[in-house]
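# Remarks on the overall topology
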Amino acid sequence: MAAQEEECKGNVKAQLAKLFEVSLKVTVPNEADVDPLIAACTGKFGDYQCNNAMGLWSKIKGKGTQFRGPPAVGEAIKNNLPTSEMIDSCSVAGPGFVNVVLSKNWMAKSIQMMLIEGIDTWAPQPPVKTAVVDFSSPNIAKEMHVGHLRSTIIGDTLARMLEFSKVKVLRRNHVGDWGTQFGMLIEFLFEKFPNFEDATETAIGDLQAFYKASKQRFDSDPAFKERAQQAVVRLQGGEEKYRRAWAQICEISRTEFHKVYQRLGVHLEEKGESFYNPYIPGVIEGLTKQGLVEESQGARVIFIEGINIPLIVVKSDGGFNYASTDLAALWYRLNEEKAEWIIYVTDVGQQQHFDMVFKAAKRAGWLPQGDNYPKASHVGFGLVLGEDGKRFRTRNTEVVRLVDLLDEAKNRSKAALIERGKGEEWTEEEIESTADAVGYGAVKYADLKNNRLTNYTFNFDQMLNDKGNTAVYLLYAHARICSIIRRSGKDVEELKNKGTLVLEHKDERDLGLHLLQFAEVVEEACTNLLPNVVCDYLYSLSEIFSKFYSNPECKVIGSDKETSRLLLCEATAVVMRKCFNLLGITPIYKI
């Protein structure tokens, strides 16, 4: 048993499942593979419950069983539980729910062990070693817009959750750096800058404007259009001058993208569409040999069962498209990078496209049928709306530049700090770093706290409010806990090893129980690819801590339980910091 508990050390639900597994084997020895159904309780009967009795009863009632209904099955499950220091008491309620009350001593000991050994011992253990998270993915020579902001923030958090779970994550930026628009851009570059290698970000100025001007030229000047179409052929044929011009445009775009990534503290490795280009012919040939690719109206397509439009893999003019690139990228990720889970973070509008690509991969035998690994998942997200309820844009209907958006969030949080008199108390560096943490953290949290599939309204006043479910409130709550520990004058590292944590008062126990649920919450967020689950948990943790700390009976500094309660404060701060880290938010330590 000890080794099994080691396996899921931080995860209370998993540890209880191990105990109930033993009981279920004894209770219904003839029923194979009965998975324990364990859930955290919301009622007053216990902390967790085992919900197997009703399902088991429906399986065994016709088989001459000695049980007389679900409550009797529940009683037997309870009575057959092996003894464990985890459990204080058990009871059976309603149609056989087995309610478990955890032992306060065991809870306290588990939290103290986490403080000594570190929160990484509470990390989930997903059944994969390598994952690809494909996120952000802007188009070269176009501004990153709010949709890219969502993809970047959500993708980074999913990558962080998997990295915390000891998965090797390949953070991929699948930029749009190939295709017909490059002929237009290259020709326009040659026209504007005869010595095109001197063209820099400064010389070109606003990339968005450069793109628009070249598009206008392409649409209105047939001779230019023809040259642009020739330029694509020359670029794709590998002609040196065209490759160099293409590389130049990509580099200028990268510099722009980097400004956003730098502010958000996001790291990505670029493997754009062009990277997979050489693999496309071989992949399509392989699929053709398997009999998956068919001719249809001059194009080559894969028909997908249940979907009335085919997946076009070679256009009627012989060119490749998104589907060709995405199939080649999926093949590469499975075969060359040996990824067991490939996660694509794009808006919900691309759901059907990815569904078709994944189904084609299953038909080809690249991916197994069902939900087994290796698997590919599409993580969709909704729109960012403005105050008018429409897609978020600036007043002149342009897309909003992300750098400006992030800078505004930072400047507003800096102004709020100065308004509160911090300009006199703090160094310039402290003000800058706190404004960074609060401003960028506010934008991230406002996005991540929503279920990603829903649209949300972008509102600076709401996201920078220091009350309610906002990053500002949570960052300040963390800073207050740090200030309690500082004011005590005690060395927390020493207390971890020499002091003892106890959970006598109800508010202490409630806080302890919530801390212990951290591991299963992160596991759920990881499994279902839902960052908002971590946000909900973090906000509840702040609220439960606040209830504990504001209760006069739970006085911390100067009370006879000071050591224990300081350890409980420290455990809360450690768990909050790990949640911030998973959400890509920098904690602050003083306010």
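All values derive from a computational prediction rather than experimental measurement. (Residues numbered from 1 in each chain as written. Predicted model: local features only at pLDDT ≥ 70, side-chain atom pairs only at ≥ 80, totals over all residues. Heavy atoms only, no water.)

## Let's talk about the overall build of the chain
This is how the line gets drawn: Each helix is a run of H or I in the DSSP string that is no shorter than four residues. Each strand is a run of E no shorter than two, and both are numbered from the N terminus. Buried residues are those whose accessible area, probed at 1.4 Å on protein chains only, stays under 20% of the maximum for their type, while exposed residues exceed 50% and partly exposed ones sit between those limits. Method for areas: the Shrake-Rupley scheme with a 1.4 Å probe, in which residue coverage is limited to the protein chains shown. Positive charges are assigned to Lys and Arg, negative charges to Asp and Glu, while His and the chain termini are left out of the count. A charged residue contributes its charge at one atom only: NZ of Lys, CZ of Arg, CG of Asp or CD of Glu.
Tallying secondary structure elements over the chain gives 25 helices and 14 strands in all. The principal-axis extent of the C-alpha atoms belonging to the chain is close to 85 × 75 × 40 Å. By residue count, 53% of the 591 residues in the chain fall in the buried class. Total accessible area on the chain stands at roughly 27,000 Å², and carbon and sulfur atoms take up 49% of it. Considering the chain, the positive charge centre built from 72 side chains and the negative charge centre built from 79 side chains are found 2 Å apart.

## Digging into the domain arrangement of the chain
We count it as follows: For each domain, the first and last residues come from an automatic or database assignment.
For the chain, the assigned domains read domain 1 (12-102), domain 2 (180-249) and domain 3 (402-583). For domain 1 versus domain 2, the distance between C-alpha centres works out to 68 Å.

## Comments concerning the packing of aromatic side chains
Note the cut-off: When the centres of two rings from Phe, Tyr and Trp lie within 6.5 Å, Trp using its six-membered ring, the rings pair. Their planes under 30 degrees apart give stacked, over 60 give edge-to-face, and anything left gives tilted.
As enumerated under the stated definition, the model contains 21 aromatic pairs in all. Ring geometry for Phe188 versus Phe224: centroids 6.4 Å apart, planes at 90 degrees, classification edge-to-face. Separated by 36 residues along the polypeptide, Phe188 in helix α7 (residues 181-192) and Phe224 in helix α10 (residues 222-236) bring together distant segments of the chain. Considered together, Phe188 and Phe224 belong to a single accessibility category, that of buried residues.

## Comments concerning helix α18 (residues 428-448)
Test applied: A helix is expected to span 1.5 Å multiplied by its residue count minus one.
In this model, α18 (21 residues) spans 30 Å end to end at C-alpha, consistent with the 30 Å of a helix rising 1.5 Å per residue. Counting buried positions along α18 yields 15 of 21 residues, so the element is predominantly enclosed.

## Side note on the pairing of strand β6 (residues 168-173)
Put simply, the rule is: Any two strands are treated as partners once DSSP identifies two or more bridges connecting them. A clockwise path from the first strand over the helix to the second, with the strands pointing away from the viewer, defines a right-handed crossover.
Counting buried positions along β6 yields 5 of 6 residues, so the element is predominantly enclosed. Two strands pair when backbone bridges link them, and strand β5 (residues 130-134) and β6 are joined in this way by 5 bridges, in the parallel orientation. Its bridge partner lying in β6, Ala131 is registered against Val169. Read as a crossover between parallel neighbours, the route from β5 over helix α6 (residues 146-164) to β6 is right-handed. Both β6 and strand β7 (residues 269-270) contribute to a ladder of 2 bridges, which runs parallel. Within β7, the position partnered with Arg172 by the bridge is Glu269.

## Some words on the sheet that holds β7
Applied cut-off: Any pair of residues with heavy atoms lying within 4.5 Å of one another is described as a contacting pair. Angular values range over 0 to 180 degrees, each being the angle between N-to-C directions of two axes fitted as lines to C-alpha atoms, with helices fitted over their stretch in contact.
With parallel pairing, the 5 strands of this open sheet are ordered in space as β7-β6-β5-β11-β12. Bordering the open sheet on either side are β7 and β12 (375-381), each of which pairs with just one other strand. Bridge analysis of β5 against strand β11 (residues 341-347) gives 4 bridges, and the strand direction is parallel. The partner of Asp134 across the bridge, within β11, is Tyr344. The sheet strands contacting helix α15 (residues 351-363) are β11 and β12, and the helix crosses β12 at an angle near 175 degrees.

## Here's the deal with the state of the cysteines
Cut-off, in case you're wondering: Put simply, a disulfide is two cysteine sulfurs that come within 2.5 Å.
Scanning all chains against the criterion turns up 0 disulfides. Between Cys526, a free cysteine, and Cys579, which holds the nearest cysteine sulfur, the sulfur-to-sulfur gap is 12 Å. Taking relative accessible area as the criterion, Cys526 reaches 6% and is therefore assigned buried.

## A short note on the sheet that holds strand β8 (residues 293-296)
Sheet strands pair via backbone hydrogen bonds, and the direction of the pair is either parallel or antiparallel. Taken together, the 3 strands give an open sheet; going across it, the order is β8-β9-β10, and neighbouring strands pair in antiparallel fashion. Two strands bound the open sheet, and with one partner strand each, they are β8 and β10 (311-314). With direction set aside, neighbouring strand axes in the sheet form an average angle of 45 degrees. For β8 and strand β9 (residues 299-302), the ladder comprises 4 bridges, and the chain directions are antiparallel. Bridge pairing in β9 links Ser296 to Ala299. Helix-sheet contacts for α15 involve β9 and β10, and the interaxial angle to β10 is about 70 degrees.

## Here we look at the side chain of Thr434
Note the threshold: Polar contacts, as counted here, are pairs of nitrogen or oxygen atoms within 3.5 Å of one another; within protein the pair requires one atom able to donate a hydrogen and one able to accept it, and residues that are adjacent in sequence qualify only if both atoms are side-chain atoms.
Mapped onto the elements, Thr434 comes out in helix α18. Given a relative accessible area of 8%, Thr434 falls into the buried group. In terms of polar contacts, Thr434 uses its side chain to reach the backbone carbonyl oxygen of Glu430, at 2.7 Å. Setting aside residues no more than four positions away along its own chain, Thr434 makes contact with Leu417, Trp426 and Ile588.

## Re the confidence of the model for the chain
Note the threshold: Residue-level confidence of the predictor is summarised by pLDDT, bounded by 0 at the bottom and 100 at the top.
In this model, the chain carries an average pLDDT of 91, and 96% of its residues clear a pLDDT of 70 or more. The low-confidence segment residues 1-6, where pLDDT is below 50, has 4 contacts with residues more than four positions distant or belonging to other chains.

## A closer look at the environment of Trp122
In this structure, Trp122 sits in the loop between α5 (104-117) and β5. Residues Trp122 and Phe518, 396 residues apart in the sequence, show an inter-C-alpha distance of 7.9 Å. For Trp122, the contacting residues outside a window of four places in its chain are Gly10, Ser110, Ile111, Met114, Phe164, Leu515, Leu516, Phe518, Ala519 and Val575.

## Things to note about the nonpolar core
Put simply, the rule reads: Among buried residues, the Ala, Val, Leu, Ile, Met, Phe, Trp, Tyr and Cys ones that are joined through side-chain atoms within 4.5 Å form a nonpolar core.
Core analysis: the biggest nonpolar cluster contains 165 residues, and Leu16, Leu102, Phe518 and Val575 have the highest contact counts within it. No other element matches the 13 residues that helix α25 (residues 562-583) contributes to this core. Setting aside chain neighbours within four positions, we find Leu16 in contact with Ile38, Tyr48, Met86, Ile87, Val100 and Leu102. Listed in part, the 35 residues of the second largest apolar core include Val314, Ala328, Ala329 and Ala361.

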